[in-house]
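Residue-level structure breakdown
Take a look at the letters that make up each chain.
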Amino acid sequence: MSKQKYYVYILANKSGSTYVGVTNDIERRVWEHRQGAIEGFTRKYKIDLLMYYEEFDYIEDAIRREKQIKGWSKDKKRALIETLNPRWVDLAEDWFA
């Protein structure tokens, strides 16, 4: 049996607005954002491109990290994304063929 994983993720839209979230199923969650299935900010501003994510073994660690990143300035979030994704490509572009 594989151990449950948890993810902190950052989505963006084409204008560069970002959203930070946490989930235990990153593929499902990104798909939900892309379908507009989640009411609120991401649906209103079409924020559905996966720019960054981190994996955790414990939900408490993931939630702590999510809160930390959410407290950051826009520039600091952008810098974090660019550490792993400097060209801002959609990391999930091939997930839903």
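Up top you'll find the structure we're talking about.
Residues numbered from 1 in each chain as written. Predicted model: local features only at pLDDT ≥ 70, side-chain atom pairs only at ≥ 80, totals over all residues. Heavy atoms only, no water.

Some thoughts on the sheet that holds strand β1 (residues 6-12)
- Reading across the sheet, the three strands line up as β2-β1-β3 and stay open at both edges, with antiparallel pairing between neighbours. The open sheet has two free edges, formed respectively by β2 (18-23) and β3 (49-56), since each of these has just one partner strand. Neighbour-to-neighbour, the strand axes of the sheet open up by a mean angle of 20 degrees, direction not taken into account.
- The sheet contact formed by β1 and β2 spans six bridges and is antiparallel. Bridge pairing in β2 links Tyr-7 to Thr-23. (Pairing = 2+ DSSP bridges. Helix = DSSP H or I, 4+ residues; strand = E, 2+ residues; numbered from the N terminus. Axes fitted to C-alpha atoms, helices over the stretch in contact; angles between N-to-C directions.)

Concerning the environment of Ser-73
- Structurally, Ser-73 is set in the loop between α3 (59-70) and α4 (74-84).
- Here the side chain of Ser-73 touches Lys-76 through a polar contact of 3.1 Å, landing on its backbone nitrogen. (Polar contact = N/O pair within 3.5 Å; in protein donor to acceptor, adjacent residues only side chain to side chain.)

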